[in-house]
Amino acid sequence: MRVFLLVFGVGVVLVMLIAGKRGDLSRRSPIEIFPDMDRQLKLRPQTPNSFFPNGLSSQLPPPGTVAQTGPMRVAGREVYPHQDDPVNTGRLPGTTNFVELNPLPVTAQLLARGRERYTIYCAPCHGATGDGNGITKKIGAMAVVASLHDKRIVELPDGDIFNTITHGKNLMGAYGPQIPIEDRWAIVAYVRALQLSRLGSVEDLPADLRAKLK
Amino acid sequence: MSAIFPKWTNRLPLMVLIGGGMTATAVVAGVWYYFTPKYTYVGYQPLQPVAFSHATHVEQLGMDCRYCHSAVEKSWFSNIPSASTCMNCHNQVLKDDPRLALVRESAATGKPIPWVQIHRMPDFVYFNHAVHVNRGISCVECHGPVHKMDEVWHAQPLSMSFCLDCHRDPAAKIRPLDKITDLDWKWSEDPNVAAQQQRTQGEKLVRDWRVESLDNCSACHR
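For clarity, every value in this text was computed on a predicted model and none was experimentally measured.

1. Quick notes on the overall build of chain A
Working step 1: Secondary structure summary: chain A contains nine helices and two strands in total.
Working step 2: In terms of overall size, chain A is more extended than a compact globule, its C-alpha atoms giving a radius of gyration of 28 Å where 214 residues would be expected to give roughly 17 Å.
Working step 3: Expressed along its principal axes, the backbone C-alpha trace of chain A runs to roughly 95 × 55 × 35 Å.
Working step 4: Expressed as a percentage of the 214 residues in chain A, the buried residues total 33%.
Working step 5: In chain A, the proportion of contacts linking residues at least 24 apart, taken out of those at least 6 apart, comes to 41%.
Working step 6: Accessible area of chain A: about 13900 Å², with a carbon and sulfur share of 63%.

Right, here's the structure in full:
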């Protein structure tokens, strides 16, 4: 009995020493105890895959591919993603001139969406108010960030800002892949609202509020 | 007779019983403790090819999860960002740092960075990020405090019982939609008030959004 107890005790201690306890950090990959159908012959996004020459499961669409989707409804019109339309390109059809005004109807809802998206995608660099003092500039990690209240940028047509978001400009990267078209126009609308907030004067206030200020 | 069986054998049945009982208990306890995802998955922290830190980027820089994991609200799958996303900043920040060599190379050649996947459902389970994120379930419920991690580890078991615990009672975890990526957010600083608010407000949200309590098998095994 003594021998058994000794072996038993040593066994338990050994298992506990080797296996550790729940939640210990470990570099070893998870153990699948009954791996019956855990891993099936199907492709998952962003995994390696030896079938295609470039080794990716998520293939890029060949150049010139047109996404097949339903149309986007803008102010009573239907716009498909492949169309040469100001909504898609920010330019007047058939030209390289930027559209002056946001083709989406600017509503409180659009501005709220724009504010949310601006905070996610633009605020790290341009700052919450658009003055170019985002966190990356503040800690001195990034030298050049444009202030969106710059006179030149205030005077840009809406289409140009849309184009900057879609394709980037000089040192700023492209955000087209991350941000869908509606959201880009929502951000443009919100950037305009930010700019207005700095350009406003007392004269813009309704008379009763102006009186209160004084 | 007595020469064949010495005296100690009288206690043999008892010893076998006790020994067997102890062994059985130990095996059951071992299986219970070690053979569940709480042990097999939780704590997995692979070595990543680039020493990317969520603590630096999210906690210190205040970035939103969706800046990088931009598909999480739209698709079942939460993407790992491409190298060009990193280069938005790192074309100026730490421009020549050796820790980022792989990122620069990947952005230049298009060859992906071989990140090691940490969270992974078995293929017979259907999971969907967009459903959860658009229904007020925060990343922190399933991924733990990622914003405090220098290297991501598997923080929750993601076992079937873990999923079901919440599916049976979503009101205990649900939160307003604009706080999904704010992992530290609570209803209130005071834990008692927070728990109470979670109950009352949670039940209100579940009612208002008509959140279903999905525990039929075909929700996840389809």
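2. Let's talk about the packing of helix H5 (residues 83–90) of chain B against helix H6 (residues 101–109) of chain B
Residues and elements named next belong to chain B.
Working step 1: In the contact formed by H5 and H6, the axes pass within 9 Å of each other and the chain directions differ by 115 degrees. Crossing angle aside, the handedness with which H5 passes H6 is left-handed. Together, Ala83, Cys86 and Met87 of H5 and Val103, Arg104, Ser106 and Ala107 of H6 make up the contact between the two elements.
Working step 2: Of the residues that constitute the contact of H5 with H6, the class distribution is five nonpolar, one polar and one charged.

3. Observations regarding the pattern of salt bridges
Working step 1: By the definition in use, this model includes 24 salt bridges over all chains.
Working step 2: With a shortest N-O distance of 2.6 Å, glutamate 78 of chain A and arginine 73 of chain A are connected by a salt bridge.
Working step 3: Judged by its relative accessible area of 61%, arginine 73 of chain A is exposed.
Working step 4: Arginine 168 of chain B is the salt-bridge partner of aspartate 215 of chain B, the closest N and O atoms lying 3.7 Å from each other. With aspartate 215 of chain B in the loop between helix H10 (191–208) and helix H11 (217–220) and arginine 168 of chain B in helix H9 (residues 160–168), this residue pair connects regions lying 47 residues apart in the sequence.
Working step 5: A single network of salt bridges, built from pairs that share partners, joins Arg113, Glu116, Arg117 and Asp183 of chain A together with Asp64, Arg66 and Glu73 of chain B.

4. Describing unusual backbone geometry
Working step 1: Residues other than glycine seldom take positive phi values, yet glutamine 46 of chain A does so here, at roughly 55 degrees.
Working step 2: Of note, glutamine 46 of chain A is situated in the loop between helix H1 (2–19) and strand S1 (72–74).
Working step 3: Its identity as a non-glycine residue notwithstanding, leucine 94 of chain B has a phi of 45 degrees, on the positive side.
Working step 4: For leucine 94 of chain B, the location among the structural elements is in the loop between H5 and H6.

5. As for the interface of chain A and chain B
Bring the parts together and some accessible area is lost; that lost area is often taken as the interface size.
Working step 1: Each partner contributes to the interface: chain A provides 50 residues, whereas chain B provides 49 residues.
Working step 2: Both sides of the chain A and chain B interface together cover about 4500 Å² of buried area, and 57% of this is carbon and sulfur.
Working step 3: The largest contributions to the chain A side of the interface with chain B come from Arg22, Arg27 and Arg44 of chain A, which together make up 17% of the buried area.
Working step 4: At the junction of chain A and chain B, the tally comes to four salt bridges.
Working step 5: Measuring nitrogen to oxygen at the nearest pair gives 3.0 Å for the salt bridge that ties arginine 117 of chain A to glutamate 73 of chain B.
Working step 6: Joining chain A to chain B, the criterion identifies 21 residue pairs in polar contact (both at pLDDT 80 or more).
Working step 7: The dominant element in the side of chain A that touches chain B, judged by the number of residues it contributes, is H1 of chain A, at six residues.
Working step 8: Along the lines of polarity and charge, the residues of the side of chain A that touches chain B split into 28 nonpolar, ten polar and twelve charged.

6. What to know about the environment of serine 213 of chain B
Residues and elements named next belong to chain B.
Working step 1: Tracing the backbone shows serine 213 in the loop between H10 and H11.
Working step 2: A relative accessible area of 40% means that serine 213 is categorised as partly exposed.
Working step 3: Sequence separation of serine 213 and lysine 38 is 175 residues, and the distance between their C-alpha atoms is 24 Å.
Working step 4: Here serine 213 is in contact with His167, Arg168, Asp169 and Pro170, once residues within four sequence places are set aside.
Working step 5: Only 2.6 Å separates the side chain of serine 213 from the backbone oxygen of histidine 167, close enough to count as a polar contact.

7. A word on the side chain of histidine 154 of chain B
Residues and elements named next belong to chain B.
Working step 1: Summarising the element assignment, histidine 154 is placed in the loop between helix H8 (139–143) and H9.
Working step 2: Relative accessible area serves as the criterion here: at 2%, histidine 154 is assigned to the buried category.
Working step 3: Not counting the four nearest positions on each side in its chain, histidine 154 is found in contact with Tyr41, Val42, Gly43, Tyr44, Ile118 and His119.

Each value, and the rule that gives it
Residues numbered from 1 in each chain as written. Chains lettered and ligands numbered in written order. Predicted model: local features only at pLDDT ≥ 70, side-chain atom pairs only at ≥ 80, totals over all residues. Heavy atoms only, no water. Helix = DSSP H or I, 4+ residues; strand = E, 2+ residues; numbered from the N terminus. Rg over C-alpha atoms; globule rule 2.2 N^0.38 Å. Buried < 20%, exposed > 50% of the residue type's maximum accessible area, 1.4 Å probe, protein only. Contact = heavy atoms within 4.5 Å. Areas by Shrake-Rupley, 256 points an atom, 1.4 Å probe, with all protein chains shown as cover. Axes fitted to C-alpha atoms, helices over the stretch in contact; angles between N-to-C directions. Left-handed = near helix turned anticlockwise from the far one by under 90°. Nonpolar A, V, L, I, M, F, W, Y, C, P; charged D, E, K, R; others polar. Salt bridge = Lys/Arg side-chain N within 4 Å of Asp/Glu carboxyl O. Buried area = accessible area lost by both parts, 1.4 Å probe. Polar contact = N/O pair within 3.5 Å; in protein donor to acceptor, adjacent residues only side chain to side chain.

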